[in-house]
Amino acid sequence: MKTPNVTCRGVGKVFGKGELAVKALVDVDLDIMPGDFATLAGPSGSGKTTLLNMVGALDTPTSGEVTIEGQPLGKLNKSELSDLRLNRIGFVFQAYNLIPVLSARENIEFVMELQGIPANERKTRAQQVLAEVGLKGLDNRRPSELSGGQQQRVAIARALVSRPSIVLADEPTANLDSKTTSELVALMYRLNQELGITFLIGTHDPRVMEHSRRHIELLDGRIASDTKI
Amino acid sequence: MIVSLAWRNIWRQPIRTVLSLLGMAATSMLLVFMMSFQFGAYDTMKSGMLRISDGFGQFQAATYKDDPEIDKVIADPKALIADLAAVKTVTAATERSNAFVLLANGERSFAAAVVGVDPVNEPKVSTLFTQVKQGRALKASDQAAIILGDGLARNLKLSLGDKVTLLGSAMDGSVAADVLTLVGIFKTGVAEVDRQIAQMPLARFNDTFMMNGAVHIVAITGDNIHQIEADETRLRGIAAKNQVVYLNWGQIQPAVKQAIELDMSTAMLMYVTLVVVVVFIILNTLYMSVLERTREFGVLLALGMKPGQIGRMVWMELIFLSLVGCGAGCLLGIAVTAWVQQVGITFSGMDAVTAQWGLPSRMYPNMTPFRVLAGPVAIVAAIALLGIIPYRRVMGLEPVPAMAG
């Protein structure tokens, strides 16, 4: 039996205190298995981003525990959490969030440099991954010289290049037109199929959900349904 | 790449960066020039004043400076001068003796300080001989000759060739009396000197005041007052060996030293204010740029960059910016100062004041590594040190609130 990439047990998150307290997540139990291509859906305020933040070791739960590859996040200090995010988790954000002063290739190499990978290997791997996401020849363009779809492809390449256990994507297609969205979803799906990379995608875009093989529905901070397709 | 990223980050807002650089460069340039000019003026002031008559350093009997009695002497000045010959920075040494006397011309008499000088070596140490405006300076063959400051000559109503009667106390307690011929009148511009000082040949002074070959002072000079200052320990050793004391320029002219120190402390206050103002303006600008990038720092944290790495990157940005700004200012400052060093600056209407201090009317800056680097390095160091403020801000960031902006 496969070991889950991510395990959430009784995860709760409360923002604020007293009468102003808001329960963003309530008693969430979830296992993300290797090779999953899962979508996390739900209306605004249902807790999608909060759950992605917990799974991505960006935030700590008020109750319960998140475990990534057997490591309980609650027992890790700030530096260990940084290392975990660097080496085991890839992030794709809605607003791409590329470093504007670095070229496409440098944005990708930057993560590898933080990992301590030698310069030659960084360059080779960055070019490979750029080719994989269909951006061959655009290595030296800065984010401002790329379209939204191209920037998001660079962001995906950046998320993949560290060879993470899981890629977390929060509304990755929200700023893209339908054609670009279809291409991007197809790309993520292909990477999942060909390379076995686990994806957990927070979205309410039906075009993304079409490709989903597992659909998790959140409602008021609780998992309302978890369906394998 | 973090170094490269830090460098590129400072050029994200080119106009803001250029303005910050200009601020630092202008301040650094100003500091380089002002410090070089101020210290150059001090050097000119010291050298000018000391070259009139004192010399850059003096050897005397232990308590002669505070209580200049005629019997407090350097018994064997020739031995002392022979020892000084081994000190390369001392280019000349001359013997002097002093006495307080009454100078008289008929019914008129005035108290004066008469200095017995060696006409051969004295011109190498002091410029008084070059200040002779009427007649001539003393020369080696002179016997019963004297030169007076123009104020003293005027008070005594003396003209060249007139006889002057000198009356004082000899070293053995007897009366020292002599009649000398006025051969020259000098005018230094320093009123005190011109009203009170007279010079006569040292050999004649020796006979008149029964000095038995002893003198009161051995004055020295060099190419540069700083070289003499640097050799002070050695000079003090020679003094101790000859059972006398060595006085540096500050001990010879404490009033000048105090005036310089007072002026320097005021100037330092101004320099520090300038540095503080510039540093806080620059720091404020840079802190703003850090605040603007909070969201981006949140993303970097999410990608796995550690807060310390981001903090160091921001610190690097501060240091790069200050190094470029202050470096450029330093180079500009050197160029401007080097140019002024060639042409000098004249302060119109200051001739009387400068003459009083024995200064030339045209002043020149004097660059040294310290004067060039002190200001710019202070700015860079202060910015680097205060970089702890943005660094601490970055260290306190958490990914989620930071990404929320």
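This one's a predicted model, so the numbers in the text were calculated from it and none came from an experiment.

A.B. asks: Help me understand the overall build of chain B, please; the structure alone is not making it clear to me.
C.D. replies: Secondary structure assignment for chain B yields 17 helices and 12 strands. When the backbone C-alpha atoms are referred to their principal axes, chain B occupies close to 100 × 45 × 30 Å. For chain B, long-range pairs separated by at least 24 residues make up 78% of all intrachain contacts whose partners lie at least 6 apart in sequence. Summing over all exposed atoms, chain B offers an accessible surface of approximately 18,200 Å²; the carbon and sulfur share of this is 62%. Considering chain B, the positive charge centre built from 33 side chains and the negative charge centre built from 31 side chains are found 11 Å apart.

A.B. asks: So what exactly am I meant to see when it comes to the overall build of chain A here?
C.D. replies: On a plain count of helices and strands, chain A comes out with 7 helices and 10 strands. For chain A, the C-alpha radius of gyration of 17 Å lies close to 17 Å, the compact-globule estimate for 229 residues. Along the three orthogonal principal directions, the C-alpha set of chain A runs to about 55 × 40 × 40 Å. Out of the 229 residues in chain A, the part that is buried amounts to 55%. Of the roughly 9,900 Å² that chain A leaves accessible, carbon and sulfur atoms contribute 48%. In chain A, which carries 27 positive and 27 negative side-chain charges, the distance between the mean positions of the two groups comes to 3 Å.

A.B. asks: Would you mind showing me how to read the sheet that holds strand β8 (residues 198–202) of chain A here?
C.D. replies: Residues and elements named next belong to chain A. Ordered in space as β6-β7-β8-β3-β9-β10, the 6 strands form an open sheet in which the pairing is mixed. Of all the strands in the sheet, the pair left with one neighbour each is β6 (89–92) and β10 (222–228). The sheet shows a mean angle of 15 degrees between the axes of neighbouring strands, direction not considered. Pairing of strand β3 (residues 37–41) with β8, which is carried by 4 bridges, proceeds in the parallel orientation. Residue pairing for β8: Thr-39 is matched across the bridge by Ile-201. Sitting on the sheet, helix α5 (residues 148–161) touches β6, β7 (166–170) and β8, and the angle it makes with β6 is about 170 degrees. Together, β3 and β8 form the strand contacts of helix α6 (residues 178–195), whose direction differs from that of β8 by roughly 150 degrees.

A.B. asks: Sorry, what's going on with the pairing of strand β2 (residues 22–32) of chain A here?
C.D. replies: The side chains of a regular strand alternate between the sheet's two faces. Residue and element names in this part refer to chain A. In the sheet, strand β1 (residues 6–15) pairs with β2 via 7 bridges, with the strands oriented antiparallel. Residue pairing across strands places Cys-8 opposite Leu-30, the latter belonging to β2. If you look at the hairpin formed by β1 and β2, you'll find 6 residues sitting between the two strands, and Gly-16 has a positive phi there, around 80 degrees.

A.B. asks: In this structure, what is going on with the packing of helix α3 (residues 104–115) of chain A against helix α1 (residues 2–9) of chain B? I would like to understand it.
C.D. replies: For any two helices packed against each other, one specifies the inter-axial angle together with the distance between the axes. Between α3 of chain A and α1 of chain B, the shortest axis-to-axis distance is 11 Å and the interhelical angle comes to 135 degrees. It follows that α3 of chain A is oblique to α1 of chain B by the angle criterion. Taking contact as the criterion, the partners of Glu-106, Phe-110, Glu-113 and Leu-114 of chain A in α3 of chain A are, on α1 of chain B, Ile-2, Leu-5 and Arg-8 of chain B.

A.B. asks: Just checking my understanding: could you explain the pattern of salt bridges for this structure?
C.D. replies: Within the structure shown, the criterion is met by 30 salt bridges over all chains. A salt bridge links Glu-183 of chain A to Lys-179 of chain A; the shortest N-O distance between them is 3.0 Å. Here Glu-183 of chain A and its partner Lys-179 of chain A are both found in helix α6, 4 residues apart, which amounts to about one turn of the helix. Using a relative accessible area of 34% as the deciding quantity, one classes Glu-183 of chain A as partly exposed. A relative accessible area of 59% means that Lys-179 of chain A is categorised as exposed. Among the salt bridges present, the one from Glu-95 of chain B reaches Lys-78 of chain B, with a minimum N-O distance of 2.5 Å. Of this pair, Glu-95 of chain B sits in strand β2 (residues 92–105) while Lys-78 of chain B is found in helix α3 (residues 77–84), placing the two residues 17 residues apart along the sequence. Linked through salt bridges whose partners overlap, the residues forming this network are Arg-105, Glu-109, Glu-113 and Arg-122 of chain A.

A.B. asks: Please explain the domain arrangement of chain B as it appears in this structure.
C.D. replies: A common measure of how large an interface is: the accessible area buried when the components associate. Per the domain assignment, the segments making up chain B are domain 1 (2–49 + 256–403) and domain 2 (57–221). Placing the centre of domain 1 of chain B and that of domain 2 of chain B at their C-alpha centroids yields a distance of 51 Å.

A.B. asks: Would you mind going over the pairing of strand β4 (residues 63–68) of chain A with me for this structure?
C.D. replies: All names here are of chain A. Of the pairings in the sheet, the one linking β1 to β4 comprises 5 bridges and is antiparallel in character. Bridging from a neighbouring strand, Arg-9 pairs with Glu-65 of β4. Two elements, β4 and strand β5 (residues 71–72), share 2 bridges in a ladder whose sense is antiparallel. In the strand pairing of β5, Ile-68 is matched with Gln-71. In this structure, the hairpin formed by β4 and β5 is closed by a connection of 2 residues, where Glu-69 is found at a positive phi of approximately 45 degrees.

A.B. asks: Can you walk me through helix α9 (residues 232–241) of chain B in this structure?
C.D. replies: One full turn of an α-helix is made of 3.6 residues, so residues set three or four places apart face in the same direction. All names here are of chain B. Of all the residues in α9, the buried ones are Glu-232, Leu-235, Ile-238 and Ala-239. Seen along its axis, α9 keeps its buried residues to an arc of 120 degrees; they face one direction. Counted as exposed and oriented over 90 degrees from the buried face of α9: Thr-233, Ala-240 and Lys-241. Those residues of α9 hidden inside the fold are in contact with β1 (57–60), α3, β9 (217–221), α8 (225–230) and β10 (245–247). Just beyond α9, the residue with positive phi is Gln-243, at close to 60 degrees.

A.B. asks: When you look at the interface of chain A and chain B in this model, what are you seeing that I'm missing?
C.D. replies: Facing 25 residues of chain A, the contacting portion of chain B comprises 24 residues. Roughly 2,200 Å² of surface becomes buried between chain A and chain B when both sides are summed, with 64% attributable to carbon and sulfur atoms. Looking at the side of chain A facing chain B, the largest losses of area belong to Lys-78, Val-101 and Phe-110 of chain A, adding up to 24% of the total buried there. The shortest N-O distance in the salt bridge between Arg-8 of chain B and Glu-106 of chain A comes to 2.6 Å. Counting across the chain A and chain B interface gives 8 residue pairs in polar contact (both at pLDDT 80 or more). For the side of chain A that touches chain B, the secondary structure elements donating two or more residues are α2 (78–88) and α3 of chain A. By residue number, the principal contributor to the side of chain A that touches chain B is α2 of chain A, which donates 6 residues.

Scoring rules and cut-offs
Residues numbered from 1 in each chain as written. Chains lettered and ligands numbered in written order. Predicted model: local features only at pLDDT ≥ 70, side-chain atom pairs only at ≥ 80, totals over all residues. Heavy atoms only, no water. Helix = DSSP H or I, 4+ residues; strand = E, 2+ residues; numbered from the N terminus. Contact = heavy atoms within 4.5 Å. Areas by Shrake-Rupley, 256 points an atom, 1.4 Å probe, with all protein chains shown as cover. Lys, Arg positive; Asp, Glu negative; His and termini not counted. Charge placed at Lys NZ, Arg CZ, Asp CG, Glu CD. Rg over C-alpha atoms; globule rule 2.2 N^0.38 Å. Buried < 20%, exposed > 50% of the residue type's maximum accessible area, 1.4 Å probe, protein only. Pairing = 2+ DSSP bridges. Axes fitted to C-alpha atoms, helices over the stretch in contact; angles between N-to-C directions. Parallel < 35°, antiparallel > 145°, perpendicular 65-115°, else oblique. Salt bridge = Lys/Arg side-chain N within 4 Å of Asp/Glu carboxyl O. Domains from an automatic or database assignment. Arc of directions from axis to C-beta. Buried area = accessible area lost by both parts, 1.4 Å probe. Polar contact = N/O pair within 3.5 Å; in protein donor to acceptor, adjacent residues only side chain to side chain.

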